[in-house]
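Topology and contacts: notes
In case you want the letters, here they are:
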Amino acid sequence: MAKVFIMDHPLIQHKLSILRDENTSSMEFRKLVEEIATLICYEATRDLPLEEVETKTPVAVAKTKVLAGKKLAFVPILRAGLGMVDGVLALVPAARVGHIGLYRDPETLMPVEYYCKLPADIEEREVIVLDPMLATGGSAIDAISQIKQRSPKSIKFMGIIAAPEGLEALKNAHPDVEIYLGALDEKLNDHGYIVPGLGDAGDRIFGTK
Ligand code: PRP
Ligand code: URA
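1. Notes on the environment of Glu28
- Take Glu28: it is sitting in helix H2 (residues 26-44).
- You can call Glu28 partly exposed: its relative accessible area is 36%.
- Considered as a pair, Glu28 and Ile18 are 10 residues apart in the sequence and their alpha carbons are 8.9 Å apart.

The structure is reproduced here in structure tokens:
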């Protein structure tokens, strides 16, 4: 079954409170999404393998550890996942970035695909999918299915807020995908919005409403 990690770090909790506040401006919202993404990414990369090397300090030769050449690719789900990209690249600047364009049909809540551009060497990479909101789970499930067709080494999902319904659906659809979340909320409302959530993440990041 899929492993799920829900962050309990005080910095994430604090930033999430401000993020949820309806009075938080788009400018501040964008900055917080980026910062929270950095903090979650720190946990999501905890199992990256290391190898020992010798490093000559000004005093002696030390046995030190470096990342064992494991290659990462981040794949934001457009639009709102874009808000997390700079935050994760702050930790892994050499990673590649793919993009998947999806939006939810407002009536059916089903994902509608409109773009997919992934790194050419994705078969050699560990992929981390980025989307701040996991609501019904339809978008994340669809994006991960598209990525699986290209056979990456592994896939993780990083989100900021999830609804129990979306988490369950994602776990069932892709039990091999580890899930990293900033918070697990109460439920979905009749319009498929996360309660209490933060509203429409894309609109709040880009100021489109
Ligand atoms: C939002 C969000 C997720 C999706 C989550 O995107 O960024 O991609 O909804 O909902 P789901 O789990 O029910 O699929 P939206 O469809 O609003 O598109 P946008 O980012 O382009 O505004
Ligand atoms: N997408 C969002 O941006 N917010 C929600 O609460 C649900 C889906």
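Picking up after the structure, the text goes on.
2. Remarks on the site of ligand 1
- Lining the immediate environment of ligand 1, one finds 14 residues, of which Arg104, Asp131, Thr136, Gly137 and Ser139 sit closest.
- Residue Arg79 places a side-chain N or O atom 2.8 Å away from an oxygen atom belonging to ligand 1.
- At a separation of 2.7 Å, an oxygen atom of ligand 1 approaches a polar side-chain atom of Arg104.
- Protein contact buries 90% of the 500 Å² of open area that ligand 1 shows by itself.
- Those elements that provide at least two residues to the shell around ligand 1 are strand E6 (99-104), strand E9 (133-134) and helix H4 (138-148).

3. Comments concerning the site of ligand 2
- Lining the immediate surroundings of ligand 2 are Arg104, Met133, Ala135, Gly192, Tyr193, Ile194, Gly199, Asp200 and Ala201.
- In the model, an oxygen atom of ligand 2 is placed 2.8 Å from a nitrogen or oxygen of the Ile194 main chain.
- One nitrogen or oxygen atom from the main chain of Gly199 is found 2.8 Å from a nitrogen atom belonging to ligand 2.
- Per-class residue counts for the shell around ligand 2 are 5 nonpolar, 2 polar and 2 charged.

Quick notes on the rules
Residues numbered from 1 in each chain as written. Chains lettered and ligands numbered in written order. Predicted model: local features only at pLDDT ≥ 70, side-chain atom pairs only at ≥ 80, totals over all residues. Heavy atoms only, no water. Helix = DSSP H or I, 4+ residues; strand = E, 2+ residues; numbered from the N terminus. Buried < 20%, exposed > 50% of the residue type's maximum accessible area, 1.4 Å probe, protein only. Near = heavy atom within 4 Å. Polar contact = N/O pair within 3.5 Å; in protein donor to acceptor, adjacent residues only side chain to side chain. Areas by Shrake-Rupley, 256 points an atom, 1.4 Å probe, with all protein chains shown as cover. Nonpolar A, V, L, I, M, F, W, Y, C, P; charged D, E, K, R; others polar.

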